[in-house]
Amino acid sequence: MLMTMKLETPAQIDFSAEVSEWIEAFDDVVADDWQHGAELLETLRQRAREAGVPTPSDVTTPYRNTIPKHDEVPYPGDRTLEKRVESLIRWNAMAMVHGQNKKDAGIGGHISTYSSLATLIEVGFNHFFRAKYGEEPGDFIYFQGHASPGVYARAYLEGRFDDDRLKNFRHELRDTPGLSSYPHPWLMPDFWRFPTVSMGIGPLNAIYQARFMRYLENRGLIKATPRKIWAFVGDGETDEVDTLGAISLGSREKLDNLIFVVNCNLQRLDGPVRGNKRIIDELEGMFRGAGWNVIKVIWGSDWDALFERDHTGLLLRRMEECVDGDFQTFKAKDGAYLRKEFFGKYPELLALVSDMTDEQLERLHRGGHDPAKIYNAYKRAIEHKGGPTVILAKTVKGYGMGSSQARNATHNEKKLADAELAAFVKRFDIPIPEEAAQHGTPYRPAQDAPEIVYMQERRRELGGHIPKREVPKLDFTAPALDYFGEWTAGSNNRAVSTTMGFVSILRHLLKDPTIGKLIVPIVPDEGRTFGLESVIRQVGIYAAEGQRYTPHDADMLLYYREAKDGQILEEGITEAGSMASFTAAGTAYANYKVPTIPFYMYYSMFGFQRIGDMVWAFADSRGKGFLMGGTAGRTTMLGEGLQHQDGHSHILASTVPTCVTYDPAFVYELAVVIQDGIRRMYEKGEDLFYYITMYNEDYAMPAMPEGSAEGILRGIYKLKPAAGEATAQLFGSGPILNEVLRAQEILATKYGVHADVWSVTSYTELRRDALAVERWNRLHPAEKERVPYVLSALGDEGGRSSPRATT
């Protein structure tokens, strides 16, 4: 028989009194300075970890504003005039899209995104977005692309656009100036800086722009100022991996010059972003986990009194019971619905709002529509040190758009019904006749109206109008071709690859006393593959904190050197991040007035087909620089499999109009192209960038044939004439050109067929020239026909008409 013994449970010690004392003491610390409270908590957590006490860390906080009411500072602006300005902008943005679609069905445009974003960017325009800091560049704003009508409407009120410009919204290619659908520096080069509407590209580029700004400061190329990078992001946009994929870089490099504002209107094109969850909770966890400073702006000021009167915490509990699908419905319905479905679950909450009408309940604001809440969040963001900040602002999509507000179809709204227009005009007090409202007529008060005077004064105080893109005249002289004499002279029978030839040219450029500091080498972790060890030792890898460790190879000549003023951007395994750095460096001539020359080296297969959309955005930004596609072609690294067999990157590159492509076989060709590229982009100011392929095959590099420079740049030149009268013409580019030379010899010695060998450095340039000539001839039938360069170069050479005579 088993005997059981009941163990006595030790008496529980009551710590409630001691806990109350701790809480009271902590409250005193927070009341004095909330930051001291945060430091105290972190110190306690550290001490607990040292003592072996588990300290679970929550990555989300209660579903209410981060900044409590008692920590807010008074709003500094004239709320009445600012509200008036915002109302006028809302009308003109909506009228622009509505009017255009009424005249031109199907032209498209977006109303609802700006309706949710308006207050968020207006507080920035009135109090935070600086156009300049003394003579230095000001803040950079990455605007949410679909909100562009609102930015245009503000510029219209400022007098930067006239009525005709607004009426040509989405008709920017007409004879008179218009407005592009989204932020496009190519179409509006004096206005937009950054193309953002391709989801995810804006946030990613903003992160690397903030890092590149620090890079320029730490290398002494620009002065350090309090300038900020502001990126306005849609909550639905965060599903794009590009949006959140690089946020760890912001905290890792302590980028306190970076501020994300996520417009959490809870909706994407088809429906809720997270119908069964809360997107703000999800994003807070991601950003806090990545080390960002997170500020939530969820509820407007009219909720403060309700929170103060709720002594049980039931209001917050009810909020945290709801998901975003609920919150969307609450805004799509009226105040009576909110009373019943939200407050009505608990009698105590019904009593809490018993003195409020249904209309008052319907007008309870979300934080992203409250200037005071937004101002305090922005103020805390720009004052935060040691890392980036994200502001999660809850808004309503289609705010103020009547029956379209917060509905799933609101993103596709292009025009409103007459009744909705009348309600809009009434709500925002727009002084125009009903008929004008129905036609979407823009309205602008006189320039001496109080609201216009106020908005102009605010911008004067902040340094001028934005967005605005200005390109300074560059005082830049490219090195002459003889500067590259070492590489045009050949390799004296020494076998080298075009990749090694490029690295040698790069080292030489980096040493140049004039342009060396402007060279920005970029590589995604494969620097040693490209033979960059000597360059790493020469100029160092950029590291914001310097090199805080002793590398294991420190006793070697070519050790791994990191430095705060290092010149190489070694990005790790991220082609997207590397392209974002290339974009920042390739547009610095306009954004910072510093003509940096980026050389981005990567495996050619991991270029256009992997980050093609970013290449298009780079072209749209009027970027300059060199994309260097290494290990190109199908004769390199055969053991790696098809993922390294590149036979098509030049075809992909050819689709980008501003991308000039070359496939050099010899180092002298490479030198000619690089010299001319620097001249065209930086001395002549052409808005171009270059894609050049490089190879690993080693062979002797010949000297540059006399008189071949023009042909190299135009795309074709005769490399080796036939020994006798040519009856065939052989073409080749890249390393395969060596096999073409062998074919020439075989044809002559074995078969008695003589052939000329041509180096085709760019099929793309030859094709573009031929198409341009064909178009010119078609448009000028009465004038003498022009001849494409490829035909003039070949002339009457024998065999040129035979398609089988090419390789």
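Preceding this paragraph is the structure being described.
Parameters at a glance
- Residues numbered from 1 in each chain as written.
- Predicted model: local features only at pLDDT ≥ 70, side-chain atom pairs only at ≥ 80, totals over all residues.
- Heavy atoms only, no water.
- Pairing = 2+ DSSP bridges.
- Helix = DSSP H or I, 4+ residues; strand = E, 2+ residues; numbered from the N terminus.
- Axes fitted to C-alpha atoms, helices over the stretch in contact; angles between N-to-C directions.
- Patch = residues over 30% accessible without salt bridge, like charges linked within 9 Å, V, L, I, M, F, W, Y side chains within 5 Å.
- Areas by Shrake-Rupley, 256 points an atom, 1.4 Å probe, with all protein chains shown as cover.
- Salt bridge = Lys/Arg side-chain N within 4 Å of Asp/Glu carboxyl O.
- Buried < 20%, exposed > 50% of the residue type's maximum accessible area, 1.4 Å probe, protein only.
- Right-handed = clockwise from strand over helix to strand, strands pointing away.
- Arc of directions from axis to C-beta.
- Parallel < 35°, antiparallel > 145°, perpendicular 65-115°, else oblique.
- Contact = heavy atoms within 4.5 Å.
- Nonpolar A, V, L, I, M, F, W, Y, C, P; charged D, E, K, R; others polar.

## What to know about the sheet that holds strand β4 (residues 229–234)
Reasoning step 1: Taken together, the five strands give an open sheet; going across it, the order is β3-β4-β5-β7-β6, and neighbouring strands pair in parallel fashion. Pairing within the sheet leaves two strands with one partner each, and these edge strands are β3 (140–142) and β6 (293–297). Geometrically, the sheet is characterised by an average inter-axis angle of 15 degrees between neighbouring strands, direction not taken into account.
Reasoning step 2: With three bridges connecting them, β3 and β4 associate as parallel partners.

## So, a nonpolar patch on the surface
Reasoning step 1: Together, Ile13, Phe15, Val19 and Ile23 make up an exposed nonpolar region whose accessible area comes to about 400 Å².
Reasoning step 2: Relative to the helices and strands, Val19 resides in helix α1 (residues 16–32).
Reasoning step 3: Classification of Val19 as partly exposed rests on a relative accessible area of 43%.

## Concerning the pairing of strand β19 (residues 728–732)
Reasoning step 1: Most of β19 is tucked away, with five of its five residues classed as buried.
Reasoning step 2: In β19, alternate side chains face the same way, and those of Ala728, Leu730 and Gly732 on one face and Gln729 and Phe731 on the other are all buried.
Reasoning step 3: With helix α30 (residues 736–751) bridging β19 and its parallel neighbour strand β20 (residues 755–760), the resulting β-α-β unit is right-handed.

## Brief notes about helix α13 (residues 324–332)
Reasoning step 1: Of all the positions in α13, only Asp324, Phe327, Gln328, Phe330 and Lys331 are classed as buried. Taken end-on, α13 shows its buried residues confined to a sector of 160 degrees, consistent with a single buried face.

## Section: the sheet that holds β19
Reasoning step 1: If you walk across this open sheet you meet the three strands as β18-β20-β19, and the pairing is mixed. Edge positions in the sheet fall to β18 (716–720) and β19, since each of these pairs with one other strand and no more. Taking the axes of each pair of neighbouring strands and ignoring which way they run, one obtains an average angle of 35 degrees across the sheet.
Reasoning step 2: Relative to β20, β18 runs antiparallel, the two sharing four bridges. Bridge pairing links Lys718 to Trp758 in β20.

## Section: the packing of α1 against helix α2 (residues 34–50)
Reasoning step 1: Where α1 meets α2, the axes come as close as 5 Å, and the angle between the chain directions of the two elements is 135 degrees. In terms of orientation, α1 and α2 fall into the oblique class. Contacts between α1 and α2 involve Trp22, Phe26, Val29, Val30 and Asp32 from the former and Trp34, His36, Gly37, Leu40, Leu41 and Leu44 from the latter.
Reasoning step 2: Counted by class, the contact of α1 with α2 contains eight nonpolar, two polar and one charged residues.

## Overview of unusual backbone geometry
With the exception of glycine, the majority of residues adopt a negative phi angle, and the majority of peptide bonds are in the trans configuration.
Reasoning step 1: The omega torsion of the bond from Ile466 to Pro467 falls at 0 degrees, within 30 degrees of zero and hence cis.
Reasoning step 2: Following the sequence through the fold, Pro467 ends up in the loop between α20 (450–461) and α21 (485–488).
Reasoning step 3: At Asp429, a position not held by glycine, the phi torsion is positive, near 55 degrees.
Reasoning step 4: What makes Asp429 exposed here is its relative accessible area of 52%.
Reasoning step 5: The backbone of Thr631 shows a phi angle near 45 degrees, a positive value even though the residue is not glycine.
Reasoning step 6: Judged by relative accessible area, Thr631 falls into the buried class, the value being 2%.

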